[in-house]
Amino acid sequence: MLSQTWAIFRKDLRLELRTKEVLLAMLVFGLLVLVILNFAFEWTREETRRLAPGVLWIAFTFAGILGLNRSFALEKENHGLEGMLLAPLEPGYIYLGKWLSSTVFMLIAEVFLLSAFVVLFDLNVQAVLIRLLLVILLGTSGFCAVGTLLSAVSANTKMREVMLPILVFPVVVPVLIAAVESCAVLFEGGEMAEYYSGLRILIGCNLIYVTVSYLTFGYVLEE
């Protein structure tokens, strides 16, 4: 399992290092969202702390959707998906490799977006940085877990750029709500019990999404 998953992950990583298409697109789009939201309103200190979690995850999700759209689009353009199906690879391991690569690419983009977010909205997150990064890691992992499966579904449609957001956003609502609420606790100094409750929801969503996607990915590829 490890060798096959690593082979898919390494292939995606090497391809992205050569082209840098996905990362650059995610960064530019995410930064554009942050800049527009920053200059569209006159933020006060209280409003910034209250609305910052939603703004941050809006940038993350829109950038992530753009990256997931390209995940299987490249495979379809060059018949790479047919090649992987002909190789002696388990469909579930293909999913795990694609999920890991999508998560890593999104996390790399989020590091830069978080830095820009802190500068644009003048926030000090040093005291809660570790807890904030944990929320981002779990939220991104859950988002990519279901996004990778649905990206494979939408890749076979004529309007995959439109279909993927329509399919993904309703399913990842629990992940986004838990991530936003956990970040809100950190930014506003709320009860830590709410923070840990959000973490438990994120962990549960990750387990459910990864398990279901792993078991059904083979049927998606056959279709």
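Conventions we followed
Residues numbered from 1 in each chain as written. Predicted model: local features only at pLDDT ≥ 70, side-chain atom pairs only at ≥ 80, totals over all residues. Heavy atoms only, no water. Helix = DSSP H or I, 4+ residues; strand = E, 2+ residues; numbered from the N terminus. Rg over C-alpha atoms; globule rule 2.2 N^0.38 Å. Buried < 20%, exposed > 50% of the residue type's maximum accessible area, 1.4 Å probe, protein only. Contact = heavy atoms within 4.5 Å. Areas by Shrake-Rupley, 256 points an atom, 1.4 Å probe, with all protein chains shown as cover. Phe/Tyr/Trp six-rings, centres within 6.5 Å; stacked < 30°, edge-to-face > 60°. Axes fitted to C-alpha atoms, helices over the stretch in contact; angles between N-to-C directions. Parallel < 35°, antiparallel > 145°, perpendicular 65-115°, else oblique. Left-handed = near helix turned anticlockwise from the far one by under 90°. Nonpolar A, V, L, I, M, F, W, Y, C, P; charged D, E, K, R; others polar. Expected span 1.5 Å × (residues − 1). Bend = angle between axes of the 7 residues up to and from the residue. 1 Å grid on protein atoms, 1.4 Å probe; cavity = no way out; pocket = protein on both sides within 12 Å on 5 of 7 lines; lining within 4 Å. Points joined across faces, edges and corners; volume = space filled by probe spheres on them.

## What to know about the overall build of the chain
Helices and strands together make up the secondary structure of the chain, namely nine helices and zero strands. Along the chain, helices and strands appear, N-terminal first, in the series α-α-α-α-α-α-α-α-α. The C-alpha radius of gyration computed for the chain amounts to 18 Å, which stays within 12% of the reference 17 Å derived for 223 residues, consistent with globular compactness. Burial analysis of the chain (223 residues in total) assigns 47% to the buried set. The contacts of the chain with a sequence gap of at least 6 include a subset with a gap of at least 24, amounting to 84%. Total accessible area on the chain stands at roughly 11,500 Å², and carbon and sulfur atoms take up 68% of it.

## Let's talk about the packing of aromatic side chains
A full pass over the atoms with the stated rule returns ten aromatic pairs. Ring centres of Phe117 and Phe121 lie 5.0 Å apart, and the angle between their planes is 40°; this geometry places the pair in the tilted category. With Phe117 and Phe121 both in helix α5 (residues 91–121) and four residues apart, this pair spans about one turn of that helix. Exposure class is identical for Phe117 and Phe121. Each is buried. Ring pairs connect the aromatic residues Phe29, Phe62 and Phe169, which therefore count as one cluster.

## Let's talk about the packing of helix α6 (residues 129–154) against helix α9 (residues 192–222)
Helix-helix packing is described using two parameters, namely the angle between the two axes and the distance between the axes. The contact between α6 and α9 brings their axes to 9 Å, and the two run at 25°. Accordingly, the angle class assigned to the pair α6 and α9 is roughly parallel. The two elements α6 and α9 cross, and the hand of that crossing is left-handed. For the contact of α6 with α9, the residue count by class is 18 nonpolar, seven polar and one charged.

## A look at unusual backbone geometry
Residues apart from glycine generally show negative phi values, whereas peptide bonds are mostly found in trans. Its identity as a non-glycine residue notwithstanding, Asp122 has a phi of 55°, on the positive side. Among the secondary structure elements, Asp122 is positioned in the loop between α5 and α6. Taking the relative accessible area as the measure of exposure, Asp122 reaches 51% and is therefore exposed.

## Some points on the side chain of Ser141
As for its placement among the helices and strands, Ser141 is situated in helix α6. Residues within four places of Ser141 in sequence aside, it is in contact with Trp99, Thr103 and Asn206.

## Focus on α6
Between its first and last C-alpha atoms α6 spans 35 Å; for 26 residues at 1.5 Å apiece the expected length is 38 Å, and the two agree. Thr148 marks the point of greatest bend in α6, at about 25°. The element α6 is extensively covered by neighbouring structure, given that 19 of its 26 residues are classed as buried.

## With respect to empty space enclosed by the protein
To locate leftover empty space, one rolls a probe as large as a water molecule over the atoms. Counting across every chain of the model gives one cavity of 30 Å³ or more. Contributions of two or more residues to the lining of the largest cavity are made by α1 (2–19), α2 (21–40), α3 (45–77) and α5. In terms of residues, the lining of the largest cavity owes the most to one element, α3, which gives six residues. In terms of residue class, the lining of the largest cavity is made up of eight nonpolar, six polar and five charged.

## Digging into helix α8 (residues 173–188)
In this model, α8 (16 residues) spans 22 Å end to end at C-alpha, consistent with the 22 Å of a helix rising 1.5 Å per residue. Positive backbone phi, at 70°, marks Gly189, one or two positions downstream of α8.

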